[in-house]
Amino acid sequence: MHHILHTGRFLPRNTYQTAWHKCCSSFAKMMRAVCVDVPGGPENLLLRTVSRPQPKGGEVLIKVHATALNRADLLQRRGLYPPPPGESDIIGLEVAGTVDTLGPGVKGGWRPDDRVMALLSGGGYAEYVSVPEELLMPIPPNLTLCQAAAIPEAWLTAFQLLVFIAQVKEGEVVLAHAGASGVGTAAVQLVRLFGAVPIVTAGSPEKLKMAENLGAAAGFNYKEESFAQGVHDFTGGKGANIILDCIGGCNWEQNVSSLATDGRWVLYGTMGGRAVEGDLLGKLLSKRGHLLCSLLRSRSLQYKGDLVKAFSHRVLPCFSEQPASLRPVIDSTFNLEDIAEAHRHMEANKNTGKIVINDNQRTLFGLYDSGKNNDIYTSTAKS
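For the structure given in this document, a descriptive report is provided here. (Residues numbered from 1 in each chain as written. Predicted model: local features only at pLDDT ≥ 70, side-chain atom pairs only at ≥ 80, totals over all residues. Heavy atoms only, no water.)

### Examining the overall build of the chain
At step 1: Looking only at helices and strands, one finds 12 helices and 15 strands in the chain.
At step 2: Per-residue burial over the chain gives 52% buried out of 383 residues.
At step 3: Nonlocal contacts in the chain, meaning residues at least 24 apart in sequence, comprise 68% of its contacts between residues at least 6 apart. (Helix = DSSP H or I, 4+ residues; strand = E, 2+ residues; numbered from the N terminus. Buried < 20%, exposed > 50% of the residue type's maximum accessible area, 1.4 Å probe, protein only. Contact = heavy atoms within 4.5 Å.)

Here's what the structure looks like:
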C-alpha cells in the first residue's frame, strides 16, 4: 500500500493553480489562422494554431469577427501575389471586429470593444490582426459585422480609382467592368453618389440586373455582345469618360474603342491576361487617351491613411443615412473552416458581390480572455 500511494505525484493546490494559469496564458497568446505552406489550389489552405500578433507602436489589435475574399487572395494562395515586405504572410486584406488591445502611442481615441473595420496588407484570415490605427474606421451603427467586413478593400479601391486616380466629375459616364463584383457594386453606387453615370459589363443577366438595381444606367453582357457597341449606342458615339478595368489584355481593343476623347482608362487588374498584341499605343494616342494604372496593397501607409481619411469623411456617413444611400452587397457567407470552398466559389465566378468569412462559434482562444466579450457574429453559411 505504501508503494502504491507513491506511484503518482499530488500537486499542492497553489502549484496546481499556477500550472493552470500558465496553461491558460499560453492558450491566450495563440489564435487560429488560415495558412498556406505550399502554393496551389484551395485544398492547400490549412487552418491551424499560430502565435497571436502583438500590437506595435501606433497599432491596434483587432479581434476579428469577419473577413472577406478578394481576387488578390486567390493569387496569393497560388504564390503569384506575395505580401509587401514586412507584412503578414497570412492571406486577407480586410476585416471587421472589435478592438482588443491598444499598442503604445495610439492617439485616435479607440477603446476596447469598439466596433471597427480595417484595410490590411495581410493577416485577415485569422482570429486576431494588428493594424496601424490610420487604417481603422468605425463601423456604422446600422451595419452588422459581416456587412462591415465587405467594405474596406472593395469600397476603398473603388473610391481610390474614381477620386484619387480618375478624378471623376459630375455628369461623366463611367464604364465599370465586372459590375457585379465587390469593387464593381461599390463603384456603381459611388459613381451615382458623385453625380456621374455608371454603366457596367457582366457575364450573366442576373449580374446585370443586380448592377442595374444598384443604379447602373446600362449593362452589357460581354459573353453575348460587344460592350464597345453598347457603350457607343448609350453615349451617342461619344464614349465613356472613365473605364475601370480589372480585366486587361483581352479587352484592350474594345476598351480603346469605348473610350471618349481625352478619356481615362484606369487599369487595376489583369484577370483577362497581361499580353497585348496590336496597335494599342497608336489607337490610344489618336483619342488622346490616358492609361492610368493603380494598385492599393503596395501603397505607403501615408497614402492609405489619407485614403481612409478621405473615404471616412466623404462616403462613410452615407451608410448611416435613413434610408441608407449606400450598402455593401454580400453574395454569401462561409465559416472559417470552409475557407477552401469559399475560394472555389469565387474562382468559379459564381459570386454577385462580396464573399464573407466568419466564425460560427466563440473565438477558440478568446475563451481565456478574462472580462472580454468573446462573441463572434454568426450568419448562415452558403456554398
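### Let's talk about the pairing of strand β6 (residues 128-132)
At step 1: With 4 of 5 residues buried, β6 lies mostly within the body of the structure.
At step 2: As paired elements, strand β3 (residues 59-68) and β6 share 5 bridges and run antiparallel to each other. When the sheet's bridge partners are listed, L61 is paired in β6 with S130. (Pairing = 2+ DSSP bridges.)

### Concerning the packing of helix α5 (residues 152-165) against helix α6 (residues 182-193)
At step 1: Between α5 and α6, the shortest axis-to-axis distance is 8 Å and the interhelical angle comes to 50°. With respect to α6, the axis of α5 lies oblique. Handedness of the α5/α6 crossing: right-handed. Along its contact with α5, which presents A154, W155, T157, A158, F159 and L162, the element α6 presents G182, V183, A186, A187, Q189, L190 and V191. (Axes fitted to C-alpha atoms, helices over the stretch in contact; angles between N-to-C directions. Parallel < 35°, antiparallel > 145°, perpendicular 65-115°, else oblique. Left-handed = near helix turned anticlockwise from the far one by under 90°.)

### As for helix α8 (residues 227-235)
At step 1: Within α8 the residues assigned to the buried category are F227, A228, G230, V231 and T235. Within α8, the buried residues cover an arc of 160° as seen down the axis, which keeps them to one side.
At step 2: Looking at the packing, one finds that the buried side of α8 touches β8 (173-176), β9 (197-202), β10 (218-221), β11 (240-245) and α9 (252-258).
At step 3: Positive phi appears at G236, one or two residues downstream of α8, with a value of about 65°. (Arc of directions from axis to C-beta.)

### What to know about the pattern of salt bridges
At step 1: On inspection of all chains with the given rule, the structure shows 10 salt bridges.
At step 2: A salt bridge links K354 to E94, with the shortest nitrogen-to-oxygen separation between them at 2.6 Å. Of this pair, K354 sits in strand β15 (residues 354-358) while E94 sits in strand β4 (residues 94-102); the two residues are 260 residues apart in sequence, bridging distant segments of the chain. E94 matches K354 in its accessibility class, with the two residues each being buried. (Salt bridge = Lys/Arg side-chain N within 4 Å of Asp/Glu carboxyl O.)

### Focus on the nonpolar core
At step 1: Membership of the largest hydrophobic core comes to 63 residues, with the highest contact counts inside it found for W155, L162, L190, L244, F311 and F319.
At step 2: No other element matches α5, which puts 9 residues into this core.
At step 3: Excluding its chain neighbours within four sequence positions, the residues that come into contact with L162 are Q167, V168, V174, A187, L190, V191, F194 and L244.
At step 4: Counting 21 residues, the second largest nonpolar core, distinct from the first, contains M31, V34, V50 and I355. (Core = buried A, V, L, I, M, F, W, Y, C linked by side-chain atoms within 4.5 Å.)

### A word on helix α11 (residues 301-314)
At step 1: Spanning 14 residues, α11 covers 20 Å between terminal C-alpha atoms, matching the ideal 20 Å at 1.5 Å per step.
At step 2: What α11 keeps buried is the set Y303, K304, G305, L307, V308 and F311. (Expected span 1.5 Å × (residues − 1).)

### Observations regarding the side chain of S258
At step 1: Locating S258 in the fold gives a position in helix α9.
At step 2: A relative accessible area of 0% means that S258 is categorised as buried.

### Side note on the sheet that holds strand β13 (residues 290-293)
At step 1: Taken together, 6 strands build an open sheet; the order of strands is β10-β9-β8-β11-β12-β13 and the sheet is parallel. The open sheet has two free edges, formed respectively by β10 and β13, since each of these has just one partner strand. For this sheet, the mean inter-axis angle between neighbouring strands, taken without regard to orientation, is 20°.
At step 2: Of the strand pairs in this sheet, β8 and β9 are connected by 4 bridges, and their pairing is parallel. In the strand pairing of β9, V174 is matched with P198.
At step 3: Against the sheet, α8 touches β8, β9, β10 and β11, its axis set at about 160° to β10.

### What to know about unusual backbone geometry
Trans peptide bonds make up most of the peptide bonds, and negative phi angles are found at most residues other than glycine.
At step 1: With omega at -5°, the peptide bond leading from Q322 into P323 counts as cis.
At step 2: Along the polypeptide, P323 turns up in the loop between α11 and β14 (330-335).
At step 3: Phi angles above zero are rare outside glycine, and D113 is one such case at about 80°.
At step 4: Examined against the element boundaries, D113 turns out to sit in the loop between β4 and β5 (115-119).
At step 5: According to the relative accessible area criterion, D113 is partly exposed, its value standing at 41%.
At step 6: In this structure, R288 is a non-glycine residue whose phi angle is positive, near 55°.
At step 7: Within the secondary structure, R288 is located in the loop between α10 (280-286) and β13.

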